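# Coordinate inspection notes
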Amino acid sequence: MAIKVPGKRYGKRLRKSKVFGGGPPGGKGANNVDLNMTPLVDMFVIMVLFLIANFSATGEIINQSQDIELPEAKHVEGLQLTTVIRVSMTDIYVETDPIAKVSDVLGEEYLNIPALEEKLRTVKADYEKLHASTGKEFTGDINIQAHKDLSFNVMKRIMYSAAVAGYGNINFAVNGTPPEEGVAAATP
Amino acid sequence: MASMDVGPQKGSKKPLDVNINVIPIIDLMAVIISFLLLTAVWTQVGRLQVAQAGGAGEPSEEAVKTTPVTLRLTEKEASLSVGAVAPEVFPLSRNPDSKLLDLTGLTGRLREVKTQLPEQDTITIQTEDTVRYEDLVHVIDASRGAGLKSVSVQATAG
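Quick summary incoming for the structure in this document. What you are looking at is a predicted structure, and each value in this text was computed from that prediction instead of being measured. (Residues numbered from 1 in each chain as written. Chains lettered and ligands numbered in written order. Predicted model: local features only at pLDDT ≥ 70, side-chain atom pairs only at ≥ 80, totals over all residues.)

## Points about the overall build of chain B
Counted only if it meets this: Secondary structure counts use DSSP, requiring at least four H or I residues in a row for a helix and at least two E residues in a row for a strand, with both numbered from the N terminus. Backbone-placed C-beta atoms define the burial measure: a residue is buried with 20 or more other C-beta atoms within 10 Å of its own, exposed with 12 or fewer, and partly exposed in between. Here, residues touch in the contact sense if the C-beta positions derived from the backbone fall within 7 Å of one another.
Along chain B, the regular secondary structure elements total three helices and eight strands. Counting from the amino terminus, helix and strand elements in chain B follow one another as α-β-β-β-β-β-β-α-β-α-β. When the 158 residues of chain B are sorted by exposure, 27% land in the buried category. Across chain B, every contact between residues at least 6 apart in sequence was considered, and the portion connecting residues at least 24 apart equals 62%.

## As for the nonpolar core
Residue and element names in this part refer to chain A. Note the cut-off: Each nonpolar core consists of buried Ala, Val, Leu, Ile, Met, Phe, Trp, Tyr and Cys residues. Their C-beta atoms, within 7 Å, join them into a set.
Of all hydrophobic cores here, the largest spans 63 residues; its most connected members are Ile-92, Ile-144, Ile-158 and Ala-162. Sort the elements by how many residues they give to this core and helix α5 (residues 152–164) lands first, with nine residues. When sequence neighbours within four positions are dropped, the list of residues in contact with Ala-162 reads Ile-85, Leu-120, Ile-142, Tyr-167 and Ile-170.

## Here we look at helix α2 (residues 38–53) of chain A
Definition in use: A helix is expected to reach a length of 1.5 Å times the quantity of its residues less one.
Helix length check: α2 of chain A (16 residues) gives 23 Å between terminal C-alpha atoms against 22 Å at 1.5 Å per residue, within 8%. For α2 of chain A, the buried fraction is low: zero of the 16 residues fall into the buried class.

## A short note on the packing of helix α2 (residues 104–116) of chain B against helix α3 (residues 133–145) of chain B
All names here are of chain B. The cut-off we apply is this: The convention used is that axes are lines fitted to C-alpha atoms, helices contributing only their stretch in contact, and that angles between N-to-C directions extend from 0 to 180 degrees. A clockwise turn of the near helix away from the far one marks a right-handed crossing, whereas an anticlockwise turn of less than a right angle marks a left-handed crossing. Three residue categories are used. Nonpolar comprises Ala, Val, Leu, Ile, Met, Phe, Trp, Tyr, Cys and Pro, charged comprises Asp, Glu, Lys and Arg, and polar comprises the others, including Gly.
At a closest axis distance of 9 Å, the pairing of α2 and α3 adopts a crossing angle of 35 degrees. In this structure, α2 crosses over α3, and the sense of that crossing is right-handed. Side by side, α2 and α3 meet where Leu-106, Thr-107 and Leu-110 of the first sit next to Ala-142, Ser-143 and Gly-145 of the second. When grouped by side-chain class, the residues that make up the contact of α2 with α3 number three nonpolar, three polar and no charged.

## Brief notes about the interface of chain A and chain B
Interface extent is often summarised as the accessible area lost during association of the parts. Short version of the rule: Between any two strands, at least two bridges found by DSSP are needed for them to pair.
The partner chain B presents 46 residues to the 57 residues of chain A that form the contact. Of all the secondary-structure elements, those providing two or more residues to the side of chain A that touches chain B are α2, β2 (77–78), β6 (141–146), α5 and β7 (169–176) of chain A. Classifying every residue of the side of chain A that touches chain B by side-chain character gives 30 nonpolar, 17 polar and ten charged. As defined by bridge partners, β7 of chain A adjoins strand β1 (residues 45–52) of chain B across six bridges and the pair is classed as antiparallel. By the bridge assignment, Asn-175 of chain A is partnered in β1 of chain B with Val-45 of chain B.

## Overview of the environment of Arg-132 of chain B
With respect to the helices and strands, the residue Arg-132 of chain B is situated in the loop between β7 (122–127) and α3. For Arg-132 of chain B, a count of 18 C-beta atoms within 10 Å corresponds to the partly exposed category. Along the sequence, Arg-132 of chain B and Thr-74 of chain B sit 58 residues apart, while their C-alpha atoms lie 9.4 Å from each other. The residues contacting Arg-132 of chain B, other than those within four sequence positions of it, are Asp-149 and Ser-151 of chain A.

## Focus on the packing of α2 of chain A against helix α1 (residues 23–39) of chain B
This is how it is decided: Any angle that is under 35 degrees is reported as roughly parallel, and any over 145 degrees as roughly antiparallel; angles of 65 to 115 degrees are reported as roughly perpendicular and all others as oblique.
The N-to-C vectors of α2 of chain A and α1 of chain B enclose an angle of 30 degrees; their axes lie 10 Å apart at closest approach. Taken as axis vectors, α2 of chain A and α1 of chain B run roughly parallel relative to one another. Note on packing geometry: the crossing formed by α2 of chain A with α1 of chain B is left-handed. Contact residues: α2 of chain A offers Leu-40, Val-41, Phe-44, Met-47, Val-48, Leu-51 and Ile-52 of chain A, while α1 of chain B offers Ile-25, Ile-26, Met-29, Ile-32, Ile-33, Leu-36 and Leu-37 of chain B. Looking at the contact of α2 of chain A with α1 of chain B residue by residue, the classes come out as 14 nonpolar, no polar and no charged.

Right, here's the structure in full:
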């Protein structure tokens, strides 16, 4: 039997324990470092619970851009995937295609924006060609994603051009905020 | 570090420590979190459906004959007319903190209109050119909150 330095010694069973089996206090340092996984698991659980609460099956329907700040509203409906007219303080786009400058539009005498109307008619014709075999009818839905500081002068021209091109169901894209307590919540 | 307990050896006593293997749960959490981060939607964007009253476009269904409710909106005030009754004028002030219009009086009156005319669902908002889009959206939102879900927007002459 080996000769040991006199001092506190642990029994055979306790020597196998990680808590007590590290040797007497002041003994040799262990080469292995144990990582405590408990805080990591706790953090992961909280993140998963938060992300599940925020999960949306519909996903992002509109890509928000930095140059367009949407107005807020409480009594909103769910956004649908359809053609989007994006209007910043300076430019008008259909999806990602630039159409016209806001300053040029305001200087026009007529309500109509010819470039916008032509583009929307093209989109409508493409839709009808694509869905000719399926029998799916063109619904005339369109989303307008406009900066909140625009004047109604610009908006009325865009709405008029969309209506002339056959898009009668106009939807304003807005940031939904929770309604006041006691008021019915937004419908999907 | 988590480790596996191989169980008691023959002739030895049961060990005191119980080791739980947390590696699989960490792997599962990492995969779930990656998936949820990729599919997360951080902003709730909704829509306010409006119709264009009196404008060009394809003819819509015949509207149910209801009392015409018209709201004329300018930068300073809103005039609400219900049927043939003389319009009521609501001066519009702006909240200094949020910069939004204070529509308390107008919203209350719209709720009264809805209470008096339960079948009334439509309102036409005649808007001046200088009105901000955000203010128009705020008024549309207030109309929908008062129960007038079918909102038409029209430009004023001049």
